[in-house]
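Residue-level structural notes
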Amino acid sequence: MGWYYLSSDGRRKVSFNWNVIFYRTSRSHGFAIEPSVTLRPTASFSAEFGHLFDHGLNDAQWVTSEIRDGSTHYVFGRLDQHTSSMTIRANYTITPNLSVQVYAQPFVSSGDYERFKELVNGRAKDYDDRYAPYEYRPLVPPDFKALSFRTTNVMRWEYKPGSALFVVWQQAAEGPGQVNGFHYGQDFSNVFSTPASNAFLVKLAYWLNP
């Protein structure tokens, strides 16, 4: 397993970050790359744009257990999973008493199974002795695709010293996508057509000064 991180001077108007993680265990391996850029063009405005791309190949991912011919079979499969998300944050101080904050994150995760096997000897040290090929015939394949979008937007207005009005809009969308492998552009486009729920919150704080 390894990890490294690079970053530029965060005091600049434009700064960068680069984070990488990679691992290899037995017959499984994966890596994650997470770059981001932060913009501070003025003292009153800042924005961060980040992106995560994660690809993992797990050769012995648990799938299910099933009874066949009077025996219980513990089924594992080779999972090829792609996960990607974007992160957007923005802060804007319009006046000393009025500010807006925005957070948004679209998310996609897709997994495909193959090379099914069953556990035959959990104590075996050798990998080939631990598993044996297994003909798994599910009615519904375990492949999956999950789509999600989250956003929170907050306006804060301090209409008098110690008293403030907060207006919040939150949107949450999630659902399954078409199980056809990982397709970066198409999948992120489908995120925004996923059914969503919205919530509006208003909070008024008033300072009673004796």
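Residues numbered from 1 in each chain as written. Predicted model: local features only at pLDDT ≥ 70, side-chain atom pairs only at ≥ 80, totals over all residues. Heavy atoms only, no water.

Quick look at the side chain of lysine 145
The condition is simple: Under the DSSP-based scheme used, a helix requires at least four consecutive residues in state H or I and a strand at least two consecutive residues in state E, with every element numbered from the N terminus. Identification of polar contacts relies on pairs of N or O atoms within 3.5 Å, with a donor-acceptor requirement for protein atoms, meaning one able to donate a hydrogen and the other able to accept it, and with residues adjacent in sequence counted only if both atoms are side-chain atoms. Two residues qualify as a contact provided that any one of their heavy atoms is within 4.5 Å of a heavy atom in the partner residue.
With respect to the helices and strands, the residue lysine 145 is situated in strand 8 (residues 144–160). Within the structure, the side chain of lysine 145 is placed 2.7 Å from the side chain of asparagine 180, a separation counted as a polar contact. Polar side-chain contacts of lysine 145 include one of 2.9 Å to the side chain of aspartate 187. Apart from the residues lying within four places of it in its own chain, the contact partners of lysine 145 are Ser109, Ser110, Gly175, Pro176, Gly177, Gln178, Val179, Asn180, Gly181, His183 and Asp187.

A closer look at the pattern of salt bridges
Should the charged atoms of two oppositely charged side chains come close, the side chains can pair. We apply this condition: Should a side-chain nitrogen of Lys or Arg be within 4 Å of a carboxyl oxygen of Asp or Glu, the pair is scored as a salt bridge. Under the scheme applied here, a residue whose accessible area is under 20% of the maximum for its type counts as buried, over 50% as exposed, and between as partly exposed, the area being computed with a 1.4 Å probe on protein chains only.
Counting across every chain of the model gives twelve salt bridges. Measuring nitrogen to oxygen at the nearest pair gives 3.8 Å for the salt bridge that ties glutamate 48 to arginine 89. Taken as a pair, glutamate 48 in strand 4 (residues 45–68) and arginine 89 in strand 5 (residues 71–95) lie far apart in primary sequence, 41 residues in all. For lysine 117, the salt bridge is made with aspartate 59, and the minimal N-O distance between the two is 3.8 Å. Of this pair, lysine 117 sits in strand 6 (residues 98–119) while aspartate 59 sits in strand 4; the two residues are 58 residues apart in sequence, bridging distant segments of the chain. According to the relative accessible area criterion, aspartate 59 is buried, its value standing at 7%. Each of Asp59, Arg78, Glu114 and Lys117 takes part in a single network of salt bridges with overlapping partners.

Observations concerning helix 2 (residues 184–191)
What counts, and what does not: By construction, the arc corresponds to the directions joining the helix axis to the C-beta atoms.
Every buried residue belonging to helix 2 is among Asp187, Phe188 and Val191, and all of these are buried. The buried residues of helix 2 occupy an angular sector of 95 degrees when projected down its axis, which confines them to one face.

Considering the pairing of strand 3 (residues 28–42)
Condition: Think of it this way: DSSP has to see at least two bridges between two strands before they count as a pair.
Pairing analysis gives twelve bridges linking strand 2 (residues 14–25) to strand 3, with the strands arranged antiparallel. Following the sheet pairing, tryptophan 18 is matched in strand 3 by proline 35. Connecting strand 3 to the antiparallel partner strand 4 that follows it, the hairpin turn spans two residues.

Points about the nonpolar core
Under the convention used in this document: Residues belong to a common nonpolar core when they are buried Ala, Val, Leu, Ile, Met, Phe, Trp, Tyr or Cys residues joined through side-chain atoms within 4.5 Å.
In terms of nonpolar packing, the biggest core is built from eight residues, these being Ala104, Val108, Leu147, Phe149, Ala173, Phe182, Phe188 and Val191. Going through the elements one at a time, strand 6, strand 8 and helix 2 are the ones with two or more residues in this core. When residues no more than four places from it in sequence are discounted, the contact partners of alanine 173 are Leu147, Ser148, Phe149, Arg150, Thr194, Pro195 and Ala196.

Some details on unusual backbone geometry
The backbone of serine 26 sits at a positive phi, close to 50 degrees, despite the residue not being glycine. Within the secondary structure, serine 26 is located in the loop between strand 2 and strand 3. Under the relative-accessibility criterion, serine 26 is labelled exposed at 57%. Even without being a glycine, arginine 115 presents a positive backbone phi close to 50 degrees.

Some points on the confidence of the model for the protein chain
Keep this limit in mind: The predictor rates its confidence in each residue with pLDDT, a number between 0 and 100.
Residues with a pLDDT of 70 or more make up 100% of the protein chain, whose mean pLDDT is 93. When mean pLDDT is taken per element in the protein chain, strand 6 scores highest with 96 and helix 1 (residues 127–130) scores lowest with 88.

Some points on the environment of histidine 73
Turning to its location among the elements, histidine 73 is positioned in strand 5. Along the sequence, histidine 73 and aspartate 9 sit 64 residues apart, while their C-alpha atoms lie 55 Å from each other. For histidine 73, the residues in contact, after removing those within four places along its chain, are Thr64, Ser65, Glu66, Arg68, Glu118 and Tyr134. A polar atom in the side chain of histidine 73 sits 3.4 Å from the backbone oxygen of arginine 68. A distance of 2.7 Å separates the side chain of histidine 73 from the side chain of glutamate 118, its partner in a polar contact.

Digging into the side chain of serine 85
Examined against the element boundaries, serine 85 turns out to sit in strand 5. Assessed through its relative accessible area of 6%, serine 85 is described here as buried. With sequence-adjacent residues up to four places away left out, serine 85 is seen in contact with Gly50, His51, Leu52, Gln105, Pro106, Phe107 and Phe188.

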